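# Structural characterization, general
In case you want the letters, here they are:
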Amino acid sequence: MSISFSQELLISTLAIILLPLMLYLRSSRSKNPSVLPINWPIVGVFPYLIANFHNLHDYLAVVLAGSGHNFRAHGPPGTGLRFFITCEPANVRHIFTTNHANFPKGAEFAAIFDIAGGSFFTTEGEPWRRQRARAQRVLSNPRLLACMTACCRDKVENGLLPVLMHMASTGTTFDLQDLTTRLVFDMTATPLFGVDPGLLSSDMPPMDAAVAMDTVMEVALFRHIVPTSGWKVMRRLNIGPERKLAAAHTVLRGFIEEMMERRKRKEHAGNEGAPSVDILSSYIDDPDYQQNDGLLHATLINYMIAGRDTIGTALTWVFYNLAQNPHVVSFIRHELSPIASRKAATGANNSSTMVIFEPEETKSLVYMRAAIHESLRLHPPVPIERKTAVAHDVMPSGHVVHAGDTLLISLHSMGRMEGVWGKDCREYNPDRWLSEDGKKLRYVPSHKFLSFSSGPRLCLGKDVSFMQMNTIVAAMVWNFDVEVVEGQRVQPKMSCVLQMKNGLMVKLKKREM
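Keep in mind it's a predicted model, so treat the numbers as computed, not measured.

The rules we used
Note on numbering: residues in each chain are counted from 1, in written sequence order. Per-residue local features of the predicted model are confined to residues with pLDDT of at least 70, and side-chain atom pairs are confined, for both listing and counting, to 80 or more; whole-chain, interface and lining totals are unaffected and use all residues. With hydrogens and water stripped out, all remaining heavy atoms of the structure feed into the side-chain values. Only DSSP runs of H or I covering at least 4 residues are called helices, and only runs of E covering at least 2 are called strands; the numbering of each starts at the N terminus. To get the radius of gyration, use the C-alpha atoms; to get the globule rule, take the number of residues to the power 0.38 and multiply by 2.2 Å. The contact definition used throughout considers only heavy atoms, calling two residues in contact when any of these lie within 4.5 Å. Accessible areas in this description were obtained via Shrake-Rupley with a 1.4 Å probe; residue shielding takes into account the shown protein chains only. The sign given to each residue is positive for Lys and Arg and negative for Asp and Glu; His and the chain ends receive no count. Charged groups are reduced to one reference atom each: NZ for lysine, CZ for arginine, CG for aspartic acid, CD for glutamic acid. Note: two strands are recorded as paired if DSSP finds a minimum of 2 bridges between them. Note on geometry: axes are C-alpha line fits, over the in-contact stretch for helices, and angles between N-to-C directions span 0 to 180 degrees. Expected helix span is computed as 1.5 Å times (number of residues minus one). Note that the bend at a residue is defined as the angle between axes fitted to the seven residues ending at it and the seven residues starting at it. Identification of polar contacts relies on pairs of N or O atoms within 3.5 Å, with a donor-acceptor requirement for protein atoms, meaning one able to donate a hydrogen and the other able to accept it, and with residues adjacent in sequence counted only if both atoms are side-chain atoms. UniProt positions are given in the numbering used here, feature names are shortened, and annotations may be inferred rather than shown by experiment. Residues enter a patch when their relative accessible area is above 30% and they make no salt bridge; the linking distance is 9 Å between like charges and 5 Å between nonpolar side chains (Val, Leu, Ile, Met, Phe, Trp, Tyr). The salt bridge criterion pairs a side-chain nitrogen of Lys or Arg with a carboxyl oxygen of Asp or Glu, the two atoms within 4 Å. Partly exposed describes any residue whose relative accessible area lies between the buried limit of under 20% and the exposed limit of over 50%, with all areas from a 1.4 Å probe on protein chains only and scaled to the type maximum. Aromatic contacts are taken between Phe, Tyr and Trp rings whose centres are within 6.5 Å, Trp giving its six-membered ring; a plane angle under 30 degrees counts as stacked, one over 60 as edge-to-face, and the others as tilted. Two thresholds decide whether a charge sits over a ring: the Lys NZ or Arg CZ must be within 6 Å of the ring centre and within 35 degrees of the ring normal.

To continue, consider the overall build of the chain. Each helix and strand in the chain was counted, giving 20 helices and 9 strands. Here the chain has a C-alpha radius of gyration of 24 Å; the compact-globule value for 513 residues is 24 Å, and the two agree. A sequence separation of at least 24 residues applies to 72% of the contacts in the chain between residues at least 6 apart. Only carbon and sulfur atoms are counted for the fraction: they give 56% of the accessible area of the chain, which is about 23,100 Å². Across the chain, the mean location of the 54 positive side-chain charges is 4 Å away from that of the 48 negative side-chain charges.

What follows is the structure, encoded as structure tokens:
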């Protein structure tokens, strides 16, 4: 495809402006990493975002620490890139709770996550209220909660622990992030569809759908920081990240159809006993969803994102932090010891070599919960939240936002601010979550600890998430020593979820009881 002279001139002009500026930015960044970005004429902060995209989450933490937790930024004129970036808890409370009606996710957010378009992840107003109320009814169903609990326990006993035992007995080095992704994918999809995808099995089948979900989140971060018109042109031309995203959408829709077909075959098989309970049952017979396959698919993908992305991502960081802090592991084992002793005395455990902790048994464990909270503080699964200002407003910090401004709330940065968490903010310290006597968790408001959101959009699956994480962490910590392989570079992937870019290579050793 040929380009006109005017297009060629525009490209050349931008290159002349941007190339020297980006070279300057890179050199200044290497000499002084604390330098704050400048809103340059014409190009705004866009070159800084491009130059630091490979390390965006840590870069934002540096910028926000140097600018007092808040920063205004804009892109080139006409792009619509007007950002207010914050990690100030008072501002977060204002945005998410006090004046939440003025800060919806917005039309651009819905466009960025078009794969979930129309679901409660992207909608606002009355449609969102109706869908959220429905999701709340679904997720509070006692039969479904029992199903999710049983699924988690079964996956740990018959999926996770046998694989870990094999890895330990053979001395195999493996990617723990890959393993937790498989585990949580199955634990999310099984109660959703009523059938098990079987990603966590001895033959370790391909994870096409999981990889497609990763692609959605990686391209979504790209869409967040480039002009909407830019990525939409790329989508129309089917080039760059948008080409990869289109293929991922196809894979995910195919996965949804396959799981629904497997569920249908399971029903037609006429298995005896009470029908299984699953989330899909609450939607599939509803006329609103029967007449709109796109909405049904979007809703199911919404549930997959809410479960798989958050818990799977969190678990990898939990085990990484525990491996770096063996004294924390010792405290958790001390807390688990009375439960394990009771199980041994009563013969309640089915295995002579493994101890499996029931979800109810770990529910009240305080120190383990504190250790998980601390990992979520430093490594929130969703590192950035996005909102749009409907009308002019003044933040508690005194900053003014205008109608149409995009607000980026950096959860990743908030956990690294001395003004929020103290001088040891970058240290992994579960004790910060404990009361003085160590017997209960200290209260921390959600606008300071935003991993489960805040205000009207507070996460509906928070209790289920902790049930799953408690069960998995207890089983692994009690039965195995986890050693992170030296020499690997552990860093976040550039994505809307805080996965590790290169995975997490570990070795296991079975504990001798």
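Bringing the sheet that holds strand β9 (residues 505-510) into the picture now. If you trace the 3 strands from one edge of the open sheet to the other, you get β3-β9-β8, paired in antiparallel fashion. Of all strands in the sheet, those bounded by a partner on one side alone are β3 (174-175) and β8 (480-484). Seen against the sheet, helix α20 (residues 462-479) touches β8 and β9 and runs at an angle of roughly 90° to β8.

Between its first and last C-alpha, helix α7 (residues 142-170) extends 41 Å over 29 residues, near the 42 Å set by a 1.5 Å rise per residue. A bend of about 40° at Val 156 is the largest found in α7. Where α7 starts, the residue carrying a side-chain oxygen 2.8 Å from the main-chain nitrogen of Arg 143 turns out to be Asn 141.

On to the sheet that holds strand β1 (residues 70-74). To summarise the sheet geometry, strands pair through backbone hydrogen bonds and adopt either a parallel or an antiparallel arrangement. Taken together, 4 strands build an open sheet; the order of strands is β1-β2-β7-β4 and the sheet is mixed. Because the sheet does not close on itself, it has two edges, and the strands there are β1 and β4 (384-388). This sheet shows a mean twist of 20° between the axes of neighbouring strands, independent of strand direction. Two strands pair when backbone bridges link them, and β1 and strand β2 (residues 82-86) are joined in this way by 5 bridges, in the antiparallel orientation. Across the sheet, Ala 73 pairs through a bridge with Phe 83, a residue of β2. Sheet strands touched by helix α4 (residues 89-98): β1, β2, β4 and β7 (406-410). Its angle to β7, the strand with the most contacts, is close to 125°.

This paragraph deals with the UniProt feature "binding site: heme" (unreviewed entry) in the chain. The UniProt entry lists Cys 459 under the feature "binding site: heme" (unreviewed entry), expressed in the numbering used here. With respect to the helices and strands, the residue Cys 459 is situated in the loop between α19 (418-421) and α20.

The subject of this paragraph is a nonpolar patch on the surface. On the surface, Val 233, Leu 237 and Ile 239 cluster together to form a nonpolar patch covering roughly 240 Å² of accessible area. The topology assignment puts Val 233 in helix α10 (residues 228-237). Classification of Val 233 as partly exposed rests on a relative accessible area of 39%.

Moving on, we come to the environment of Ser 453. Residue placement: Ser 453 occurs in the loop between α19 and α20. Overall, the relative accessible area of 11% leaves Ser 453 in the buried class. Note: C-alpha distance between Ser 453 and Ile 115 (338 residues apart in sequence) is 21 Å. Here Ser 453 is in contact with Phe 96, Glu 385, Ser 446, Leu 458 and Cys 459, once residues within four sequence places are set aside.

Next up on the list: the packing of aromatic side chains. Applying the stated rule across the entire model yields 14 aromatic pairs. Arranged with centres 5.1 Å apart and planes meeting at 80°, the rings of Tyr 283 and Tyr 289 form a pair that is edge-to-face. The exposure class of Tyr 283 is buried, given its relative accessible area of 1%. Every member of this aromatic cluster is reached through a ring pair, and the members are Phe 120, Tyr 283, Tyr 289 and Tyr 303. Directly above the aromatic system of Trp 231 lies the positively charged group of Arg 223, at a separation of 3.8 Å from the ring centroid.

This next bit is on the pairing of β2. As a general feature of sheets, a regular strand has side chains that alternate between the two faces. With 4 of 5 residues buried, β2 is to be regarded as a mostly interior element. When β2 meets β7, the two strands line up parallel, connected through 4 bridges. Bridge pairing in β7 places Ile 85 opposite Leu 408.

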